[in-house]
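# Residue-level structure breakdown
Chain by chain, the residues run as shown.
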Amino acid sequence: MSECGGRGGGNSSSSSDDAEDEGGGGGGGGPAGSGSSSPAPAGASSAGRLRRGLRGASLMARRRPELLCGAVALGCALLVALKFTCSRAKDVIIPAKPPVSFFSSRSPVLDLFQGQLDYAEYVRRDSEVALLFFYAPWCGQSIAARSEIEQAASQLSDQVLFVAINCWWNQGKCRKQKHFFYFPVIYLYHRSFGPIEYKGPMSAVYIEKFVRRVMKPLLYIPSQSELLDFLSNYEPGVLGYFEFSGSPQPPGYLTFFTSALHSLKKDYLGTIRFGVITNKHLAKLVSLVQSGSVYLHRHFNTSLVFPREVVSYTAENIHKWALENREALLRWLRPHGGKSLLLNNELKKGPALLVFVPFNPLAESHPLIDEITEVALEYSNCHGDQVVERLLQHLRRVDGPVFRPLAPEPPAQLPEPPLITASPCCNTVVLPHWHSVSRTHNVCELCVNQTTGGVRPSSVGMPQCSFFEMAAALDSFYLKEQTFYHVASGSIECSNFLSSYSPFSYYTACCRTINRAVTGFIDAGHSVFETPTIALSSLEKKCEADPPGSVPHIEENRYLFPEVDVSSTDFTGLSCRTNKTLNIYLLDSNLFWLYAERLGAPSATRVKEFAAIVDVKEESHYILDPKQALRKLTLESFIQNFSVLYSPLKRHLIGSDSAQFPSQHLITEVTTDTFWEVVLQKQDVLLLYYAPWCGFCPSLNHVFIQLARLLPTDTFTVARIDVSQNDLPWEFMVDRLPTVLFFPCNRKDRSVKYTEDLPITLPNLLRFILHHSDPASAPQNLANPPTKECLQSEAVFQQGHISHLEREIRKLRAEISTLQRAQVQVEAQLSSARRDEHRLLRQKQTLEKQHSLLQRHSEQLQALYEQKTLELQEVARKLQELADASENLLTENTWLKILVATMERKLEGKDGATALSAPREATSDHPEPPGPPRLPGSSLPPSNSSSTLASERSNENRTD
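Treat the numbers as computed from the prediction; the structure is a model and nothing was measured.

### Section: the overall build of the protein
The helix and strand inventory of the protein stands at 24 helices and 25 strands. Look at the contacts in the protein between residues 6 or more apart in sequence, and 72% of them connect residues 24 or more apart.

### A closer look at the packing of aromatic side chains
Applying the stated criterion across every chain, the model contains 34 aromatic pairs. Ring plane angle 85 degrees and centroid distance 6.4 Å describe the contact between tryptophan 168 and phenylalanine 183, whose orientation is recorded as edge-to-face. Of the two residues, tryptophan 168 sits in the loop between strand 3 (161-166) and helix 6 (173-177) while phenylalanine 183 sits in the loop between helix 6 and strand 4 (185-190), which places them 15 residues apart along the sequence. We classify tryptophan 168 as partly exposed; its relative accessible area is 37%. When the ring of phenylalanine 742 is compared with that of phenylalanine 768, the centres are 6.2 Å apart and the planes differ by 75 degrees; the resulting orientation is edge-to-face. Taken together, the residues span a long stretch of sequence, with phenylalanine 742 in strand 24 (residues 739-743) and phenylalanine 768 in helix 22 (residues 762-772) at a distance of 26 residues.

### Quick word on helix 7 (residues 204-215)
For helix 7, which comprises 12 residues, the first-to-last C-alpha distance of 16 Å matches the rise-based estimate of 16 Å (1.5 Å per residue) to within 8%. Extensive coverage of helix 7 is indicated by the burial of nine of its 12 residues. Considered for burial, the residues of helix 7 that qualify are Ala204, Tyr206, Ile207, Glu208, Phe210, Val211, Arg213, Val214 and Met215.

### As for the pairing of strand 19 (residues 610-615)
Sheet faces and side chains relate simply in a regular strand, where the side chains alternate between the two faces. Where burial is concerned, most of strand 19 is hidden: six out of the six residues are buried. What you see with strand 19 is no split at all: Phe610, Ala612 and Val614 on one side and Ala611, Ile613 and Asp615 on the other are buried throughout. With five bridges joining them, strand 12 (residues 352-357) and strand 19 adopt antiparallel strand pairing. Paired with leucine 353 across the two strands is isoleucine 613, which belongs to strand 19. Both strand 19 and strand 20 (residues 620-623) contribute to a ladder of four bridges, which runs antiparallel. Within strand 20, the residue paired with aspartate 615 across the bridge is serine 620. Hairpin connection between strand 19 and strand 20: a loop of four residues separates the two successive antiparallel strands, and glutamate 619 in this loop has a positive phi of roughly 55 degrees.

### Looking at the side chain of arginine 124
Inspection of the secondary structure assignment puts arginine 124 in helix 4 (residues 117-124). Within the structure, the side chain of arginine 124 is placed 3.5 Å from the backbone oxygen of arginine 191, a separation counted as a polar contact. Among all residues touching arginine 124, those that are not within four sequence positions of it are Ala130, Leu132, Leu161, Tyr189 and Arg191.

### Comments concerning unusual backbone geometry
Backbone torsion omega between glycine 194 and proline 195 reads 0 degrees, so that peptide bond is classified as cis. Tracing the backbone shows proline 195 in strand 5 (residues 193-198). Look at the link from leucine 737 to proline 738: it is a cis peptide, with omega at -5 degrees. Phi at arginine 191 is positive, roughly 55 degrees, even though this residue is not glycine. You can see arginine 191 is positioned in the loop between strand 4 and strand 5. For arginine 191, a relative accessible area of 54% corresponds to the exposed category. The backbone of serine 287 sits at a positive phi, close to 65 degrees, despite the residue not being glycine.

### Describing the state of the cysteines
In the structure shown here, the tally under the stated rule is three disulfides. Across the disulfide from cysteine 167 sits cysteine 174; the S-S distance is 2.0 Å. Torsion about the S-S bond of the cysteine 167 and cysteine 174 cystine: about -95 degrees, corresponding to left-handed handedness. Here cysteine 382 is linked by a disulfide to cysteine 576, with a sulfur-sulfur distance of 1.6 Å. When the S-S torsion is 75 degrees, as for the bridge of cysteine 382 with cysteine 576, the disulfide is right-handed. Taken as a pair, cysteine 382 in the loop between helix 13 (367-380) and helix 14 (386-395) and cysteine 576 in the loop between helix 17 (557-560) and strand 18 (583-588) lie far apart in primary sequence, 194 residues in all. Residue classification places cysteine 382 among the partly exposed positions, given a relative accessible area of 22%.

### Some points on the sheet that holds strand 10 (residues 304-305)
Overall, mixed pairing links the five strands, which are arranged 6-8-7-9-10 in an open sheet. Edge positions in the sheet fall to strand 6 (218-221) and strand 10, since each has one partner strand and no second. Sheet strands in contact with helix 11 (residues 315-325) are strand 7 (237-241), strand 9 (293-297) and strand 10, and its direction is about 20 degrees off that of strand 9.

### Some points on the sheet that holds strand 21 (residues 668-670)
The mixed open sheet is built from five strands, whose spatial order is 21-23-22-24-25. At either end of the open sheet lies a strand with only one pairing partner, and these are strand 21 and strand 25 (752-753). Pairing of strand 22 (residues 684-690) with strand 23 (residues 716-722), which is carried by seven bridges, proceeds in the parallel orientation. Each residue of the ladder has a partner; that of leucine 687, found in strand 23, is alanine 719. Packed on one face of the sheet, helix 21 (residues 701-710) meets strand 22, strand 23 and strand 24 and runs near 155 degrees to strand 23.

### Details of helix 21
Side chains three or four residues apart in an α-helix point the same way, a direct result of the helix having 3.6 residues per turn. Along helix 21, the positions that sit buried rather than exposed are Val703, Phe704, Leu707, Ala708 and Leu710. Projected onto a plane normal to the axis of helix 21, the buried residues spread over an arc of 160 degrees and lie on a single side.

### Brief notes about the pairing of strand 24
The buried fraction of strand 24 amounts to five of the five residues, a majority that puts the element mostly inside the structure. Side chains Thr739, Leu741 and Phe743 of strand 24 all project onto a buried face; the interleaved residues Val740 and Phe742 project onto the opposite face, where all are buried too. Here five bridges tie strand 22 to strand 24, and the two strands are oriented antiparallel to one another. Considered in strand 24, the bridge of tyrosine 689 is made with threonine 739. Relative to strand 25, strand 24 runs antiparallel, the two sharing two bridges. Counterpart to leucine 741 in the pairing with strand 25 is lysine 753.

### Topic: the environment of lysine 173
Of note, lysine 173 is situated in helix 6. With sequence-adjacent residues up to four places away left out, lysine 173 is seen in contact with Gly115, Leu117 and Asp118.

### Section: the confidence of the model for the protein
Per-residue pLDDT for the protein has a mean of 74; in total, 67% of the residues score no lower than 70. Scored below 50 in pLDDT, residues 433-440 shows 29 contacts in the model against residues more than four places distant or in partner chains. For residues 450-464, every residue scores under 50 in pLDDT, and the model assigns this stretch 41 contacts once sequence neighbours within four places are set aside.

### Observations regarding the nonpolar core
Note on soluble globular proteins: their nonpolar side chains tend to be buried together. Core analysis: the biggest nonpolar cluster contains 77 residues, and Leu131, Phe133, Ile149, Leu188, Phe256 and Leu353 have the highest contact counts within it. The greatest single-element share of this core, amounting to seven residues, is contributed by helix 13. Excluding residues that lie within four positions of it along the chain, leucine 353 makes contacts with Leu582, Asn583, Ile584, Tyr585, Ala611, Ala612, Ile613, Leu635, Phe638 and Ile639. Core analysis: the second largest hydrophobic core is formed by 21 residues, Leu688, Leu700, Leu707 and Phe716 among them.

### What about the packing of helix 13 against helix 14?
Each pair of packed helices can be described by the angle between their axes along with the distance between the axes. Closest axis-to-axis distance for the helix 13/helix 14 pair is 10 Å, and the angle between their directions is 160 degrees. Comparing the axis directions of helix 13 and helix 14 gives the class roughly antiparallel. Handedness of the helix 13/helix 14 crossing: left-handed. Facing Asp370, Thr373, Glu374, Leu377 and Glu378 of helix 13, the residues of helix 14 in contact are Val388, Leu392 and Leu395. Residues belonging to the contact of helix 13 with helix 14 are distributed by class as follows: four nonpolar, one polar and three charged.

About the cut-offs
Residues numbered from 1 in each chain as written. Predicted model: local features only at pLDDT ≥ 70, side-chain atom pairs only at ≥ 80, totals over all residues. Heavy atoms only, no water. Helix = DSSP H or I, 4+ residues; strand = E, 2+ residues; numbered from the N terminus. Contact = heavy atoms within 4.5 Å. Phe/Tyr/Trp six-rings, centres within 6.5 Å; stacked < 30°, edge-to-face > 60°. Buried < 20%, exposed > 50% of the residue type's maximum accessible area, 1.4 Å probe, protein only. Expected span 1.5 Å × (residues − 1). Pairing = 2+ DSSP bridges. Polar contact = N/O pair within 3.5 Å; in protein donor to acceptor, adjacent residues only side chain to side chain. Disulfide = S-S within 2.5 Å. Axes fitted to C-alpha atoms, helices over the stretch in contact; angles between N-to-C directions. Arc of directions from axis to C-beta. pLDDT = per-residue confidence, 0-100. Core = buried A, V, L, I, M, F, W, Y, C linked by side-chain atoms within 4.5 Å. Parallel < 35°, antiparallel > 145°, perpendicular 65-115°, else oblique. Left-handed = near helix turned anticlockwise from the far one by under 90°. Nonpolar A, V, L, I, M, F, W, Y, C, P; charged D, E, K, R; others polar.

Here it is, written out as C-alpha cells:
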C-alpha cells in the first residue's frame, strides 16, 4: 500500500508540474491547490499548443524520420509556389494620348479631332451642301489626302461646309457609331439627301469636280448649240423637259432632281449626265412635248423616252431606267491602286484601245477628248446615221444643216455593199530597209486598178482603197519585187505588176524618195538617197540582219503627200466590218502613267499622251509610235492597221534592261533589245532558252561554260535568254524549256533546234555545232563556185580549229586526271566518314539504352514519390486526429484537476476533524484500535481515497 501511495505521491507532483505548465504558472499566479478556476489566457493556450505540437513532432521524428523529411520538403514547395504566385506583377496599360488637331487652325476645314459626330450632324443641317471627311491620324492615305481636301475647300468654302472627323479616337462618338473598313472616307450631303460617298481619286481637282456635280446635279440647256454640246458628249445624257412659266416648281422636277443625285450616289464617276430643258421649241428637237418628260439619248441605238404609263415616276426608277439602257461610247478606267479585277474584267471583253491623255476635270473644254470622241463615233457609225453625222459636224466645228428632231425610230436597214469601181484607189506604203526598191526610193504610192496602163498618183480626187484590197496588193507587191526595174532617177517612177490572186487585176506602184524626217517612221540616222544609183542583187558574206520593225505598213498619205487631199470614208463604221472590234477606254495620264510605262510608253516625256491596243486573247499588245502626236488621224491609222486581216502592226516586245548584264562573261546574256544585234547580226550563235522557274536549266550551266571556253570567241558566241522576262517575235519563241537553237552565220534563216531526245552534254553539243556549222551542209551557189584559194584558206582555218580543239582536249584530260585524284581523296574521306558514322551509331544505341534505363528509374522514383506523398498525407491526417484528441483530453484534464483539488480540500477537512477527536478518545476508558476514520455515508477509508486520487493522477500523466 505504501508503495502505491509513494507512486501516487510522485504522480501527484508530476501532475502538479503539468498543471503549472498548462495553466501558465498555477492558474493566474496562485498555487495549484488554491482552488482558482479562472480560464487560461489565449496567448498561454497557444504557447501550450505549440509546445505540445513540438513534442508530438519530436516523438514522430524519432519513430518515422522519413515522414518528417517528406513533410519538410512539401512545406518548402508550398512556400516557393506561394512566393511566385503572390509576387506576379499586374499588367500596366498606358492610356492613349489625347488626339490633336489634324488640320491647321487657318484651314477652311472644320476639324473635329475628338470624333464629335453629333456636332458634325448638327452643323451639317444648316448647310445646303456639306462634305464630311472621316480620317484616321495614323493613316498614310488620310495624311496624303489632307492637302487635297484643303485645296478643294479653299475654292468652295464659301458654298460648301467642309468638316473633318477623327474616326479613330476610341472615346469619340464617331468611333463608337461608325465602323469603317478603310480610311479616308468622304461623304457628301445635299440638304437632307445623303450620304453620297466619293470613291474617286484623292486629287483636289477630282474632288472639287464631284462636289460641284453634287451642288448642281442638273445642267441647264438654254440653246441649240448647248444641246448639241450635251448630245455629242461621250458620256450618256438624260434630258428632262419642264415648263416653269406656270409654277415656280413644276410637277416632277424635284423627282428628276433627286434622280440625278441618286445617279451620283450609285456611280461615283458620274458617267450619266442630267440636263434640263425649259424651252418647248428646243424640247421638240428631242421629241419631248409634255412637261415632265424624260429623254435618254443614245448615239447608235434608238433613243428612249421614260415610259411613265408603265413605270411609276420616281427618282429610283428614273435612275435605274437610265442606268440599264445607257450606251457607253467611251469609258474611263480609274484603278484605285489596290487589288482589283477592274482591268481584268474589261480586257476579257475583247481587244481594247487604251488611250492615256492628261485630263483636267475642271477645264471647260477638252479638244483632245473631242477628237477621240469623233474617232469613236466614226468607228461605230455602221449605218451612216444622219444624227451622228450632225454631231460629228458639230465636233469638227463645221456649220451643218438645221438640227432635225431626234424622234425614236426603228434602226435603218443595212446598206448594200458598194460595187467595185473601175477607177484606181491608192494608198501610201513606207518601205523597209530590206526591200530592194528602198535602195533608190523609200516611199511608194500603191494603186489598185483594172487596166494594164500605169496610173500616176493625182493630186485631185484620188480615192483610197479598202484595207482588204490593199492587203492583197501588198502581198503581190512583195512577191513581185524582182520585176520592178530600178531606174536611176530622182523623180516619181511607176511600174505595173500582175496580181497574185487574180489574173485580171493589175497593181501600180509609183515610188519616190522624200525626206525621212517628214515621215516620222524612219530613223534620222539613215542617209537619204538623192543621187541616181543602180540596185545590184548580191549575197554579201557578212553575218548581218535587218533590225526589227522593218515590216512594210500603210500610213496616212496626208503626212507623206500633202498635195493629195483625200477624205477618208473607209474608217466610218469599221467596227462592223471586222471581227476585231475594239473597246475604247480613257485613262488620266496624270494619275496612271505608270500603266502606260509598263505597256511601252517612254518614262521621260514632255507630253504624257500614249495609245496602246491590248489583245488578251492573242497575248499581244501594240503601241502607237511615241514619235507621232496623239490626234484623230494617227488614231484612225492605228485602228485601221490593227483591223486589217493581215495586220502590219508588230507586237510590242517587253524585255529586261540590257545594261544590267556585263559583256565580259563567257556566256552572253541576250535581252529583247539585244536579240537582233547578238543573235542575228554576229557569227555562229548557240542560244539557250531558260527561265528561273525551270529546275533543270541551272544544271546545264557548267556544260555551256565549258563549251564557251572551248570555242573561239571571235567566230562563235554562246548566249542564253530568259524568256520569262524577255519577249521575242513568235517565230523565235519555243514551247518547252530548256531549248537550244543554233543560228549559223550567213544562214540565220536556217536555224536548227537541238534534238530533244539527245542528252545535253559537251560532246553532243560539239558534234551538233560542227555538223551544222560545216559549209558543206549549206546550199551551194552554182553561179559562184568556191575558188581554190578560198578552199585552201578554209582548210587552213579548219586545221587551226582542229589544233585548237586538240589543245583544249589535252587540257580537259589533265583536268580529268586531277578530278580522278580528287575523287580518290574524296572516297577516302567518305570511308572515314562512314566509319565515324558507324561509331556514332553505336554510341547512339548505347545512349538510347541508358536513356531507357534512366527513364524506367525515373518512373520508379515517380511511383515512390507518389507513394510517399500518400503516406505523408495519411500521417498528416492521423496527426490531426491526435491533435483533436489532445484538445478533448486537455479539457477533461482541467475538469479532473478541479475535481481532485475539491476532494483534497474535503480530505484535509476530514483529517483535521479526526485529529481533534483523537485526544478525546485517548482519555477515554475504552480506547479503540487505531485505524483510519470513516466518513459518514462512506464505505471507503480516507487512505483508499488518497490512493484512488494518486492512481487517477498517474493515469493523467500517462495520457499527457
